[in-house]
Amino acid sequence: MFDRILLATSATEACDHAARVAFNMAERYKSYLNIFHVLGLPTRAYSQDVIDVKTRERVTADEEYVAWVKEEIRGYYERLLEKTGDNYGIEVAVGSPHREILRAARNNDPDLVVMGGSTGHMEDSSYKKTTAGSTFQRVAKAAHCPVLVVTRPAASFWGGFSRIVLGTDFSEASDVAFEYALQLARALDCELFLFHAVDVSAMAMGKVMAQDDIEEKLRVARRRMRSRYVPKMPDFESYTMDAWEGLPYVEITKYAREKQADLIIMAHHAKRDASGQAPMGSTMEQVIVRAACPVLSINRSVKK
Amino acid sequence: MPEGTLCNKQPVDTEEQLKALLADKGGQIYYEEMKHLDVDVEMLRQTLGKSLKSRLRTWLSMCARCGMCADSCFFYRINDRDPKQVPAYKIQSTLGEIVRKNGNVDNAFMHMAMETAWAKCTCCNRCAMYCPHGIDVGVMISYLRGLLYQQGFVPWEMKVGAGMHRVYRAQMDVTPEDFVDTFEWMVEEYEEDYPGLNVPVDKDDADILYTVNAREVKHYPEDLAEAAILFNIAGENWTVPSKGWELTSLAMFAGDWEACRLQVESVYDAMDRLKPKRMVGTECGHAHRATVVEGPYWAGRPDGLPPVESIHYVEWVAEALRTGKLKIDPEKRIKEPVTIQDSCNYIRNHGLRDVTREIMSYIVEPGYFIDMAPNGEHNYCCGGGGGFNGIGLYRPQRNKALITKRDQIMHTGASLVIAPCHNCWDAIRDLEEEYQIGIRWSFLKPLLIDMVVVPEHMKPKE
Amino acid sequence: MHAFLTGPMFYISIAVLVIGLLVRVVRYIRGLDWKLDRVAYRAHRKAGMKGAARSIFKWLVPFGTRSWRVQPVMTVVFFVFHIGVVAVPLFLLAHNMFLEEKLGFSFFTLPALAADILSWGVLAALLILVLRRIALPEVRILTTFHDYFILALTAAPFVTGLICRYDPANYDFWLLIHIAAGELLLILIPFTKLSHVVTFFLSRAQIGMDFGIKRGGMKGKGMAW
Ligand code: HEM
Ligand code: SF4
Ligand code: SF4
Ligand code: SF4
């Protein structure tokens, strides 16, 4: 499942948790780890100068500098690199982070992209304002492979996948996510928790819901889950299905904690709204910053 | 050592030379070598004899030295009214001197001239509007750049840029394959959102031939997708050429007229090959100037026009909005104070002022659009034109030059600046980075994408 | 002496002026090069003419351009100076009588008071132009000896002319000087920056065509001078 992992990293603390998970996965699943770093966008129009994401200094991104950065990264991950042996590579690119990560994902065709919640300083530099949406959002939206995000330290103490929560909203993208979750659960012999949250926030429904309505919705949701997913896992036994009511991101996080999940899988919706943010994106973003385990994002275009 | 290995009178013509030049970090060796570069007086004289004709000669000699152009130049205004920044002084002390001394100038003089030509003038041509005699110092500085380039006294990035055009027919190392591949990739990435999205490459007889800025391909490929989306929504019969897609010309900034010709001919060849009805170029000011306004002359076209009618992106947008090909959802119009940067290269120098105002009338909620003062043909340069943005050596001067635009923007109170020009966009980005005045800036395309009505057949099913 | 200055010398100076300026015009136009100037003069004659006409006309109208409007003092000085400098020599009664006698034609004649006002206006404006050159750093840095020279050259006929008018005692002497100064001016016009009496129109026409043909004239509403 994880022959090739692409770790998109700023090689700073911001990405430490993501890096730890990526290295651990590489070790456990004998993956080739591609450590990928983006130097940033040229600051002077067509010049060679970039603001280094790491040092925030203006530098000339020539071969010499790139070689130096690679060495720096090697040094930064020296101890973690023991886990991979020689089975790794370091790549450095110039450009806007999300675009270059996507480009690398396209060229290297990894099975998984791992990234931190933030690519470091680049996120708060002024140019971000013109490129709406976080780097993660934009990568998750367009990548043809699953994207794993780790932001919290708590999410990175991890000993392999065994309990997977799939949050579904019954969309087409969620179906893709389900397929992937099932495949993963089969391959790694995990327990699968299918979960749906009925959104009762007044905002979502436009009115305060009566308790009867809520319960009816929960019943419908469970029925839908059963009819939609059970036929698809004929010879797979270790699954559980649940529907809770509340604020989706809160419920998913709570549910994952209760089930001691070590992975949450969610669908990333392709359609963007005005800000470049997918509607489900906000739920996903919220889960990411709250979950005690890595979150895996899947969009419709992820190959089976 | 008169001729350096990197800094010399030879243009960059091969990939190896280009790589060697690029390997010289920030042009350190290059500029060191320039200190010893000889001036070829004979060549200078011959060039003057061949190309300095009555228009420029008369300008130089008739200048009343009245100083009426002083205030028109933003360099003069922001540099505490330094008399050395008066347009007439800048040209008289450089080109004027060269002519008076009949080419007998030395290395130190050429260094001074280089700084004047690239760090004290962006060739925005504003002064031409303020001189009673109609003397266009911007045009003369551009001519001076040609002389300096020929003698090897040109900022490193300019030599690199001109070399890129010579080697790749693009301002960056983007090959035709890269271009087509990136465009297709982008369309692929967005076709989920816009079913049916496609990019027709090398289609004959299309209504629109679309050309771009290599930087979009390299660093902002979303721009390509956005262009495709808007053409598709508008139902245009469009295409991109696999060769001859680069609209820009750093060679123009560099004063490398031969490279200018090679570059623009590659685009005209695409026109001849594919026979489109029109060409639409991306949101770039100098690129439009190069390919549409000046290009025909480099290519020796007596009618002064490109082979097919060629328009700037803003003209296409205005037309599409006017004819209803693109419809704006009134709910989604811009409802925040917004202003527009009038790019010298197609506003002052190609008469498109009203076109951009027309676009504003469609996409901005009435009452939210605020013009800068002055504006239109009289607008100041963003501060980074004419290659200034890209030259490391003159970065401090450039940052200072941004102050004019910063203050102009601040006076409008706008929180969003629309900049349908790559150079202006860059300069405004940089001024926000440098001075943090809390603005956002944008090309037209992403704004349009957010507010345009998507026809049913292009909406994702689900 | 008087006979010489009003006789042969007068014809010579007129001839030098006219031929000199004609040569200027011809050489200028012949030196235009559509490829080097990057203006397709021939291909778009109409747009060119329109641009040229606008470019000249707007600048001949006081406050007709933004440049004139944003520098009102300079504008007033410029027009006072130039109206006088053109009108007085051509339309002064005495000059017209002289012209009638020598060349067989004359122009419309200015009332004496108007001529006085214009002449004093020219001198006042000249004074301001000189002071400006000394006082303003942005003009000082541009100023060369030549600029003072042409100012003096222009001032001379006016100063001497006015002396003639107010000092009848030495009339003959000052008249001689006045005629000499005037003829010197006429002769030097083609060879100094004063040749702008024609090159102004040529240069303005050229930039007008440039904007009119190439730089937007065929797109927008014409340059917003
Ligand atoms: C026939 C039409 C003429 C036109 C359209 C014209 C136009 C101009 C212009 C545009 C300027 C430059 C702007 C300025 O310095 O204010 C100028 C300057 C000047 N003109 Fe004329 N001019 C004409 C005739 C004359 C004549 C007949 C004289 C004198 C005999 C003259 C003497 C000058 C002088 C001395 C200056 C320099 C002023 C300075 O020091 O700033 N001009 N003229
Ligand atoms: S305004 Fe024109 S004539 Fe006057 S100094 Fe400037 S360039 Fe020369
Ligand atoms: S072209 Fe623009 S930058 Fe150059 S001297 Fe004139 S006003 Fe200044
Ligand atoms: S970058 Fe824009 S504003 Fe600046 S000179 Fe070029 S067109 Fe003008």
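Computed from a predicted structure; not experimentally measured.

Draft legend 1. How the structure looks around the nonpolar core. Counting residues in each nonpolar core, the largest one holds 231 residues, and the members touching the most others are A:Ile264, B:Phe183, B:Tyr210, B:Trp316 and B:Ile363. Looking at which element gives the most residues to this core, the answer is helix α8 (residues 137-151) of chain B, with nine residues. One finds A:Val50, A:Tyr77, A:Tyr180 and A:Ile298 within the second-largest nonpolar core, a separate group that totals 65 residues.

Draft legend 2. Highlighting the sheet that holds strand β2 (residues 238-239) of chain B. Residues and elements named next belong to chain B. In spatial order, the strands read β2-β1-β3-β4; together these four strands make up an open sheet with parallel pairing. Lying at the two open borders of the sheet, with one neighbouring strand each, are β2 and β4 (309-311). Bridge count between strand β1 (residues 208-211) and strand β3 (residues 278-281): four bridges; the pairing is parallel. Residue Tyr-210 lies in a different strand from β3, and its bridge partner there is Val-280. Its contacts with the sheet put helix α12 (residues 222-233) on β1, β2 and β3, and the angle it makes with β1 is roughly 165°.

Draft legend 3. Structural view of the site of ligand 4. Around ligand 4 sit B:Gln341, B:Ser343, B:Cys344, B:Asn345, B:Cys381, B:Cys382, B:Gly385, B:Cys421, B:Asn423 and B:Cys424, and those are all the residues in its vicinity. Partitioning the shell around ligand 4 into residue classes produces five nonpolar, five polar and no charged.

Draft legend 4. Local environment of the sheet that holds strand β10 (residues 239-246) of chain A. Residue and element names in this part refer to chain A. Read from one edge of the open sheet, 10 strands run β5-β2-β1-β6-β7-β12-β11-β8-β9-β10, paired in mixed fashion. Across the chains shown, the open sheet's two edge strands, defined by having one partner strand only, are β5 (88-93) and β10. Taking the axes of each pair of neighbouring strands and ignoring which way they run, one obtains an average angle of 25° across the sheet. In the sheet, strand β1 (residues 4-8) pairs with strand β6 (residues 112-116) via four bridges, with the strands oriented parallel. When the bridges of β6 are listed, Leu-6 appears paired with Val-113. Lying on the sheet, helix α5 (residues 172-188) is in contact with β8 (163-167), β9 (191-199), β11 (263-268) and β12 (295-299); it crosses β11 at an angle near 150°. Docked against the sheet, helix α8 (residues 248-258) engages β8, β9, β10 and β11, running at close to 140° with respect to β10.

Draft legend 5. Quick look at the interface of chain C and chain B. Residue-level contacts link 51 residues of chain C with 58 residues of chain B. Carbon and sulfur atoms supply 59% of the area that chain C and chain B bury against each other, a total of about 4,400 Å² over both sides. There are seven salt bridges connecting chain C and chain B. Here chain C and chain B share 28 residue pairs in polar contact (both at pLDDT 80 or more) between them. The set of elements that each furnish at least two residues to the side of chain C that touches chain B consists of α2 (8-31), α3 (34-37), α5 (66-70), α8 (112-135), α9 (137-140) and α12 (196-214) of chain C. Looking at the side of chain C that touches chain B, its residues break down into 23 nonpolar, 12 polar and 16 charged.

Draft legend 6. Here's a closer look at helix α7 (residues 107-119) of chain B. For α7(B), built from 13 residues, the straight-helix expectation of 18 Å at 1.5 Å per residue is met to within 8% by its first-to-last C-alpha distance of 18 Å. Turning to α7(B), its buried residues are B:Asn107, B:Phe109, B:Met110, B:Ala113, B:Met114, B:Thr116, B:Ala117, B:Trp118 and B:Ala119.

Draft legend 7. Representation of the coordination of the iron atom of ligand 1 in the model. All names here are of chain C. With distances of 1.9 Å, the protein atoms coordinating the iron atom of ligand 1 are His-82 (NE2) and His-196 (NE2). If you look at the iron atom of ligand 1, its six donor atoms make angles of 85 to 180° with each other, and the shape they trace is octahedral. Here His-82, found in helix α6 (residues 72-91), pairs with His-196, found in helix α12; they are 114 residues apart in sequence, far enough to count as distant. For His-82, a relative accessible area of 23% gives the class partly exposed.

Draft legend 8. How the structure looks around the environment of B:Ala234. All names here are of chain B. Within the fold, Ala-234 resides in the loop between α12 and β2. In this structure the C-alpha to C-alpha distance between Ala-234 and Gly-324, which are 90 residues apart in sequence, comes to 8.4 Å. Residues contacting Ala-234, with those up to four places away along its chain left out, are Trp-316, Lys-325 and Leu-326.

Draft legend 9. Structural detail: the interface of chain B and chain A. Tallying the contact residues gives 49 residues for chain B and 40 residues for chain A. Here chain B meets chain A over a buried area of about 3,700 Å², counting both sides, of which 47% is carbon and sulfur. Where chain B packs against chain A, one counts five salt bridges. Among the ionic pairs, B:Glu222 bridges to A:Arg138, the shortest N-O distance being 3.7 Å.

Draft legend 10. Focus on the pairing of β6(A). All names here are of chain A. Counting buried positions along β6 gives five out of five residues, so the element sits mostly inside the fold. Burial of the side chains of β6 extends over both faces: Leu-112, Val-114 and Gly-116 are buried on one face and Val-113 and Met-115 on the other. By the bridge criterion, four bridges tie β6 to strand β7 (residues 147-150) in an arrangement that is parallel. Bridging across to β7, Val-114 finds its partner in Leu-148.

Draft legend 11. Broad picture of unusual backbone geometry. Residue B:Pro374 is reached from B:Ala373 by a cis peptide bond, and omega for that bond is -10°. We note that C:Arg38 has phi near 55°; this positive angle belongs to a residue other than glycine. Under the relative-accessibility criterion, C:Arg38 is labelled buried at 16%.

Draft legend 12. Region of interest: a nonpolar patch on the surface. Residues and elements named next belong to chain C. On the surface, Tyr-11, Val-86, Leu-90, Leu-103, Phe-105, Phe-107 and Phe-108 cluster together into a nonpolar patch covering about 630 Å² of accessible area. Secondary-structure assignment places Val-86 in helix α6. For Val-86, a relative accessible area of 46% corresponds to the partly exposed category.

Draft legend 13. Examining a negative patch on the surface more closely. Residues and elements named next belong to chain A. A contiguous patch of negative charge, built from Asp-212, Asp-213, Glu-215 and Glu-245, is present on the exposed surface. By residue number, the principal contributor to the negative patch is helix α7 (residues 211-229), which donates three residues. Assignment of secondary structure puts Asp-212 in helix α7. When its relative accessible area of 60% is taken as the criterion, Asp-212 is described as exposed.

Draft legend 14. The environment of B:Cys127, seen in detail. All names here are of chain B. Counting through the fold element by element, Cys-127 comes out in the loop between α7 and α8. Given the relative accessible area of 9%, Cys-127 is considered buried. Setting aside residues up to four positions removed in sequence, Cys-127 forms contacts with Cys-69, Ser-72, Pro-87, Ile-135, Val-137 and Gly-138.

Draft legend 15. Representation of the site of ligand 1 in the model. Around ligand 1, 18 residues are found, and the nearest of them are C:Met74, C:Phe78, C:His82, C:Arg133 and C:His196. The local environment of ligand 1 is shared, drawing residues from chains B and C. One of the side-chain nitrogen or oxygen atoms of C:Arg133 is found 2.8 Å away from an oxygen atom of ligand 1. The side chain of C:His196 places a nitrogen or oxygen atom 2.7 Å from a nitrogen atom of ligand 1. Per element, the largest residue contribution to the shell around ligand 1 is five residues, and it comes from α6(C).

Criteria and cut-off values
Residues numbered from 1 in each chain as written. Chains lettered and ligands numbered in written order. Predicted model: local features only at pLDDT ≥ 70, side-chain atom pairs only at ≥ 80, totals over all residues. Heavy atoms only, no water. Core = buried A, V, L, I, M, F, W, Y, C linked by side-chain atoms within 4.5 Å. Buried < 20%, exposed > 50% of the residue type's maximum accessible area, 1.4 Å probe, protein only. Helix = DSSP H or I, 4+ residues; strand = E, 2+ residues; numbered from the N terminus. Pairing = 2+ DSSP bridges. Contact = heavy atoms within 4.5 Å. Axes fitted to C-alpha atoms, helices over the stretch in contact; angles between N-to-C directions. Near = heavy atom within 4 Å. Nonpolar A, V, L, I, M, F, W, Y, C, P; charged D, E, K, R; others polar. Buried area = accessible area lost by both parts, 1.4 Å probe. Salt bridge = Lys/Arg side-chain N within 4 Å of Asp/Glu carboxyl O. Polar contact = N/O pair within 3.5 Å; in protein donor to acceptor, adjacent residues only side chain to side chain. Expected span 1.5 Å × (residues − 1). Donors = N, O, S within 2.8 Å, 3.2 Å for Na, K, Ca; no water. Tetrahedral: all angles 85-135°; square planar, octahedral: opposite > 155°, others 65-115°. Patch = residues over 30% accessible without salt bridge, like charges linked within 9 Å, V, L, I, M, F, W, Y side chains within 5 Å. Areas by Shrake-Rupley, 256 points an atom, 1.4 Å probe, with all protein chains shown as cover. Lys, Arg positive; Asp, Glu negative; His and termini not counted. Charge placed at Lys NZ, Arg CZ, Asp CG, Glu CD.

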